[in-house]
Amino acid sequence: MNSCTEALSTLARTEAPATALKFLDLMIGGFDSEAIELTVPLPEPHTQVFVFMCEGGGWVELEGCVQQHEKKLRLTLPAGSLRRIAVALVPGQS
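These numbers come from a predicted model, not from an experiment. (Residues numbered from 1 in each chain as written. Predicted model: local features only at pLDDT ≥ 70, side-chain atom pairs only at ≥ 80, totals over all residues. Heavy atoms only, no water.)

Trainee: What's the story with the sheet that holds strand 7 (residues 83-90) in this structure? I'm lost.
Mentor: Strand-to-strand pairing in sheets goes through backbone hydrogen bonds, with the strands running parallel or antiparallel. If you trace the four strands from one edge of the open sheet to the other, you get 1-7-3-4, paired in antiparallel fashion. Only two strands of the sheet have a single partner each, and these edge strands are strand 1 (22-28) and strand 4 (58-62). Going from strand to strand, the sheet's axes swing by 30° on average, the running direction of each strand aside. Summarising the sheet, strand 1 and strand 7 pair through seven bridges and their orientation is antiparallel. Each bridged residue has a counterpart across the sheet, and for Lys22 the counterpart in strand 7 is Leu89. (Pairing = 2+ DSSP bridges. Helix = DSSP H or I, 4+ residues; strand = E, 2+ residues; numbered from the N terminus. Axes fitted to C-alpha atoms, helices over the stretch in contact; angles between N-to-C directions.)

Trainee: Where do I start with the pattern of salt bridges in this structure?
Mentor: As a working rule, side chains carrying opposite charge can pair if their charged atoms are close by. All chains considered together, the criterion is met by two salt bridges. A salt bridge links Arg74 to Glu37; the nearest nitrogen and oxygen atoms lie 3.5 Å apart. Of this pair, Arg74 sits in strand 6 (residues 72-77) while Glu37 sits in strand 2 (residues 36-41), and the two are 37 residues apart along the sequence. (Salt bridge = Lys/Arg side-chain N within 4 Å of Asp/Glu carboxyl O.)

Trainee: Before we go on, may I ask you to explain the confidence of the model for the protein chain in this structure?
Mentor: Detailed reading of the predicted coordinates is not advisable wherever pLDDT falls low. The share of residues in the protein chain with pLDDT of 70 or more is 74%, and the mean pLDDT across the chain is 75. Ranking the elements of the protein chain by mean pLDDT puts helix 1 (residues 2-11) last, at 57, and strand 4 first, at 87. For the stretch residues 12-17, pLDDT sits under 50, and the model shows 12 contacts to residues farther than four places along the chain or on other chains. (pLDDT = per-residue confidence, 0-100. Contact = heavy atoms within 4.5 Å.)

Trainee: I tried to follow the nonpolar core on my own but got confused; where do I start?
Mentor: Counting residues in each nonpolar core, the largest one holds 15 residues, and the members touching the most others are Val49, Val51, Leu62, Leu77, Ile85 and Val87. Looking at this core, the elements with two or more residues in it are strand 2, strand 3 (48-55), strand 6 and strand 7. In this structure Val87 touches Lys22, Phe23, Leu24, Val49, Phe50, Val51 and Leu75, once residues within four positions along its chain are discounted. Formed by seven residues, the second largest nonpolar core is a distinct cluster that contains Leu21, Phe50, Phe52 and Ala86. (Core = buried A, V, L, I, M, F, W, Y, C linked by side-chain atoms within 4.5 Å. Buried < 20%, exposed > 50% of the residue type's maximum accessible area, 1.4 Å probe, protein only.)

Trainee: Whenever I open this one, the sheet that holds strand 6 confuses me. Can you help?
Mentor: Pairing is antiparallel across the open sheet formed by three strands, whose spatial order is 2-6-5. Two strands close off the open sheet at either side, each with one partner strand: strand 2 and strand 5 (66-69). Averaged over all pairs of adjacent strands, the angle between their axes in this sheet comes to 25°, without regard to strand direction. Where strand 5 and strand 6 come together, four bridges link them in antiparallel fashion. The residue bridging Val66 from the neighbouring strand is Leu75, located in strand 6.

In structure tokens, the structure reads:
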């Protein structure tokens, strides 16, 4: 997870301390034919969301898989074998 946090620090546009970050750490998979959709409550109005997948021993950002719908986030994750996904919620500046 440290490499995920390091990758996030280069992407986040805020000066939020590391303790302000919230992570969803998931093991998802076994759905080879369909994408997986999750709905997560939006913690704050200006939250930035980054989704990473562990691949080849490192973390790769999945872009374009987050949509905001009212006060919830809709995450659409790719189908495939079992994999580790980390969703980082970063408080934004108002």
